[in-house]
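Each chain, letter by letter, is given below.
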Amino acid sequence: MGIHRRRDRKCTKQESCFIILKYMALLYRKEEEKLRLPSGYGGVVKLKGNRRKPYQVRLTKGFTDEGKQIYMYLGYYAKRSEALEALAEYNSSPYDITRETITFSELYKKWSNEHFKKVSSSSIERYSNAYRKYCKSLYKMRFKDIRLIHLQAVIDNCGMAHPTRASIKTLFNVLFSFAMKNDIVDKDYAQYVDIGQREGKTNRKIFSQEEIDELFKYVDTFEYLDTILIMLYSGLRIGELLDLRIKNIHLKDRYMIGGNKTEAGKNRIIPISKKTEPFIKKYYETNKNKEFLIVNSFGRQMQYSNYRREKFDNIMEKLRMDHRPHDTRHTFASLMDSAGANKLCIKRIMGHSSPDITDNVYTHKTIQELIEAIDLI
């Protein structure tokens, strides 16, 4: 609207004032919309259409490879003044807006990026499998919106046995703990998830002496069969075996440093049996330029699932034996006990804690004592 009066008549004083005020308001709105906020401060955009809250507050999260801005959105407001006030409040005391919008999948990625640096490969695989195979229904949900009913549905619909259900609940526990530490949620619903009772005690079968002799007989026939013997004569769990690092193998002094399951079992001294010393030496010399003692065909750490499916189970099938990897650990304990090994030495080698305070504080077994104990079998 202009301020020029029509030539065919004069404007009244009241009309002239109204026109001038209208024009000034128009100029003010245009200047306000052109107002440039400080770099990195964020901005307010008015969206098209008839909206109840048309003013969008956005912040620059980053840039694409082509240089295009990637935005995060703080909120939507009815008035521009409200939007600017919200933006000013955010900049006066910045907070992580992803706390409001972060999804289950995004939180898992944030947590795993931090946590996976601190745990074993077997633990990483358990967490990854629980997330990848059973939690898809939660991926896109805002984490703050997840309730017990959603978590319980994952457990109830997974169709798996108790150990798998326990692994899924463990994942829920660590994610909710992480979310609470970062003020994303106020309540831990994971603690209320019911995984049911264990379906009967797992039947562990130890290897018979005849089966052990059979393994030694075919040790040069099947690749990685010697790793089964290493577990049989060390008490190592399968995950602990795959986590053994070259730097922790001390062949000259006949011991290794390994273990990751419990506080008592972490970084424990594991003597090297004379029966398996040649096997460990072979892997050590072959992979001395690698990080891990047992590696895959690409020279990287072998994963539990690959070892179990392609190595252990394959060997058991070909030799017509019915055993699980953990049976080697039970066999070791039985062999040591039958040979009359010192009870405390067995606990130390296997990484078992002792309820007896004198075992934990006043008795210190040397490496040589552990080696002598393991040489009894």
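Before reading on, note that the structure itself is shown above.
Residues numbered from 1 in each chain as written. Predicted model: local features only at pLDDT ≥ 70, side-chain atom pairs only at ≥ 80, totals over all residues. Heavy atoms only, no water.

1. Examining the overall build of the chain
Line of reasoning, step 1. Counting its regular elements, the chain contains 16 helices and 6 strands.
Line of reasoning, step 2. Every one of the 377 residues in the chain was classed for burial, and the buried ones make up 39%.
Line of reasoning, step 3. In the chain, the share of contacts with a sequence separation of at least 24, taken over all contacts with a separation of at least 6, comes to 59%.
Line of reasoning, step 4. For the chain, the exposed area adds up to about 23,600 Å²; of that, 49% sits on carbon and sulfur atoms. (Helix = DSSP H or I, 4+ residues; strand = E, 2+ residues; numbered from the N terminus. Buried < 20%, exposed > 50% of the residue type's maximum accessible area, 1.4 Å probe, protein only. Contact = heavy atoms within 4.5 Å. Areas by Shrake-Rupley, 256 points an atom, 1.4 Å probe, with all protein chains shown as cover.)

2. A few points about the sheet that holds strand β6 (residues 268–271)
Line of reasoning, step 1. In space, the 3 strands of this open sheet follow the order β4-β5-β6, with antiparallel pairing throughout. Looking along the sheet, the strands with just one partner apiece sit at the ends: β4 (249–250) and β6.
Line of reasoning, step 2. As defined by bridge partners, strand β5 (residues 255–258) adjoins β6 across 4 bridges and the pair is classed as antiparallel. What sits directly across from Y255, in β6, is P271.
Line of reasoning, step 3. On top of the sheet, helix α16 (residues 367–374) reaches β5 and β6; it is set at about 45 degrees to β6, its chief contact. (Pairing = 2+ DSSP bridges. Axes fitted to C-alpha atoms, helices over the stretch in contact; angles between N-to-C directions.)

3. So, the side chain of E211
Line of reasoning, step 1. Inspection of the secondary structure puts E211 in helix α8 (residues 209–217).
Line of reasoning, step 2. With near-sequence residues (within four places) excluded, E211 lies in contact with I206, M321 and H323.

4. A few points about the state of the cysteines
Line of reasoning, step 1. One pass over the structure, following the stated rule, counts 0 disulfides.
Line of reasoning, step 2. In this model C135 remains outside any disulfide bridge; the closest cysteine sulfur is found in C158, 9.6 Å from its own. (Disulfide = S-S within 2.5 Å.)

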